[in-house]
Amino acid sequence: MSNSAPLIVRLLASSVSVANRAGKIVRDVMSKGELGIVEKGKDDYQTEADRSAQKCIIASLSAQYPKLCIIGEEDNPDNETEVPSDWLIVDADKEVLLLNCPDSLLGVKEEDIVVWVDPLDGTAEYTQGALMLKRNPWERGKMYLMHPFISMKWYLSLLQSNYGFLEHVTVLIGIAVNEKPVAGVIHQPYYKSIVDGEKKLGRTIWGLQEAGVGGFSSAAPPDSLIITTTRSHSNPLVEKALQVMEASQILRVGGAGYKVLQLLEGQASVYVFASPGCKKWDTCGPEAILSAAGGKLTDIVGNFYKYGASESRPNKMGVLAAVNDDLHKYAISKIPQELKEALANK
Ligand SMILES: Nc1ncnc2c1ncn2[C@@H]1O[C@H](COP(=O)(O)O)[C@@H](OP(=O)(O)O)[C@H]1O
Ligand SMILES: [Mg+2]
Ligand SMILES: [Mg+2]
Ligand SMILES: [Mg+2]
C-alpha cells in the first residue's frame, strides 16, 4: 500500500477493499445455507453473515489502524477477536488511493476518527432472500412455515419480486471526523453486472468529502417526486410522513444503504423514514457519500446527526435524505408539527 497518501484517503481505500471481502463472506454464508438467525429484538435479527462480516471488517481495520475508534452494529458476546487469516485484508483500493484529500482533512490523526460499521444492512431482506433461494417448492414451503417473521403478504410479494430482495443488502462503512461523516463505503454484494464479457457479482460505491464519489454511474433525479422508504419496518408515523409528501410514487425497499443508492442513481429523489429505528451505522457511510455527491441527509426536522463515539446509537428523529438542497427543503416543509412532536416524545 502507498504510505504517502493522507490517512483519510488510505483509510477509505482500505475500507473499500475490506468491504469487498465482507461482501464475499455475506455471499458465502448464504450459499452454505446455514444462516444462524438470532432474534435481537422486535423485527430485529442477526445472522452468521452479520457476525462474520463485522469480525472481518473490525479485525482488518484495527490491525492496520490501531488507534481508530470502531463501532459496529453487532455485539461480540465472546469478545472473539481471532479471525481466519483470509479475513484479514491489507489491500487498499488503487483508484481511491489517488484521490486528492481536502485540505481540511490533511492533518487528521487516527485518534480523531470514529468508524461506524454496519456489516450487513438489510438483514430482513437477506433472510427473506434465503427463503427464495430454496428452489424446491417443498423445501421453500417448509422454510416458510419455520420462518419466524414472514407474513403471507411478504411471501407473496417475494414471489413476485423475482427473488430480487438480495440486491437490497449492503455492507456499510462510515468514517467520521469531528462528529461529521467525511467518507464512506456502500458495498452491494448481490449487484449483478457484466465486465469484459464476464458475469460479475458485487460492486463498491465510495465517497470522500470535497473529493468525489465513485463505483456507480450517477444519474439526474426523476422528473416527478419519487420517495424511497422502508419495506420491513413501517408503522403509522412512517405512513403519515409518506402521505403528506404527495409523491408520484413510493418505493418500499430494504436497508438505509440501498435507499441512498437509489437516490444516487436517480431512481428516487427523497428518502423518508419517520421512525427511530435507524442507527448511526446505518446512516454514517451513506450520508458521507450522498453529501459528497451534492445531496443531504438529516433527521426529519432538518438537523444533522452527530457521529462522535459517545453519541446515542439510534437516529431518534428519523431520517430524511434528498438528492439536493431544494428537494430536502421541500420534504422538511411538508412534515407536520404534530409528527415532529410525536417522534420527539417517543
Ligand atoms: N423498528 C426497527 N427496529 C430495528 N431496526 C430497525 C427498525 N427500523 C429500522 N431499523 C434498521 O434500520 C436499517 C434500515 O431499515 P429498513 O430496511 O427498514 O429501512 C436496518 O438495518 P439492519 O438491516 O442493518 O439491521 C434496520 O434493521
Ligand atoms: Mg440489524
Ligand atoms: Mg443497517
Ligand atoms: Mg446491519
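Structure: above.
Residues numbered from 1 in each chain as written. Chains lettered and ligands numbered in written order. Predicted model: local features only at pLDDT ≥ 70, side-chain atom pairs only at ≥ 80, totals over all residues. Heavy atoms only, no water.

1. A look at the packing of aromatic side chains
- This model, assessed by the stated rule, comprises two aromatic pairs.
- The interplanar angle of 40 degrees and the centroid separation of 6.4 Å between the aromatic rings of Trp116 and Trp281 together place this pair among those described as tilted. With Trp116 in strand β4 (residues 113–121) and Trp281 in helix α9 (residues 280–292), the pair connects residues that are 165 residues apart, well separated along the chain.
- With 6.5 Å between their ring centres and 75 degrees between their planes, Trp116 and Tyr307 make a pair best called edge-to-face. Within this pair, whereas Trp116 is found in strand β4, its partner Tyr307 is found in the loop between β12 (296–298) and β13 (319–322), the two being separated by 191 residues in sequence. (Phe/Tyr/Trp six-rings, centres within 6.5 Å; stacked < 30°, edge-to-face > 60°. Helix = DSSP H or I, 4+ residues; strand = E, 2+ residues; numbered from the N terminus.)

2. Digging into the coordination of the magnesium ion (ligand 4)
- The magnesium ion (ligand 4) binds to the protein through Glu73 (OE), Asp118 (OD) and Leu120 (O), with metal-donor distances spanning 2.1 to 2.2 Å.
- The motif formed by the donor residues of the magnesium ion (ligand 4), counted along the single chain, is E-x44-D-x1-L.
- Taken as a pair, the magnesium ion (ligand 4) and the magnesium ion (ligand 2) lie 3.5 Å from each other and share Glu73 as a ligand. Taken together, the positions of Glu73 in the loop between β3 (69–72) and α3 (94–97) and Asp118 in strand β4 put the pair 45 residues apart, joining distant regions of the chain.
- For Asp118, a relative accessible area of 0% translates into the label buried. (Donors = N, O, S within 2.8 Å, 3.2 Å for Na, K, Ca; no water. Buried < 20%, exposed > 50% of the residue type's maximum accessible area, 1.4 Å probe, protein only.)

3. Considerations on the layout of surface pockets
- Here the largest pocket defines a volume of roughly 720 Å³.
- Asp43, Asp44, His233, Gly277 and Lys279 are, among the 32 residues lining the largest pocket, the residues nearest its centre.
- Mapped onto the lining of the largest pocket, the elements with two or more residues apiece are β2 (44–46), β4, α4 (123–133), α8 (256–264), β11 (270–273) and α9.
- Here the lining of the largest pocket is composed, by residue class, of eight nonpolar, eleven polar and 13 charged. (1 Å grid on protein atoms, 1.4 Å probe; cavity = no way out; pocket = protein on both sides within 12 Å on 5 of 7 lines; lining within 4 Å. Points joined across faces, edges and corners; volume = space filled by probe spheres on them. Nonpolar A, V, L, I, M, F, W, Y, C, P; charged D, E, K, R; others polar.)

4. Considerations on the environment of Ser60
- The residue Ser60 is located in helix α2 (residues 48–64) in this model.
- Here Ser60 falls in the buried class, since its relative accessible area comes to 1%.
- The spacing of Ser60 and Cys284 is 224 residues in sequence and 19 Å in space, taken between C-alpha atoms.
- Separated by 2.9 Å, the side chain of Ser60 and the backbone oxygen of Trp87 make a polar contact.
- Engagement of the side chain of Ser60 in a polar contact is seen with the backbone nitrogen of Ile89, the distance being 3.0 Å. (Polar contact = N/O pair within 3.5 Å; in protein donor to acceptor, adjacent residues only side chain to side chain.)

As far as function goes, none of this settles anything; it's purely spatial.
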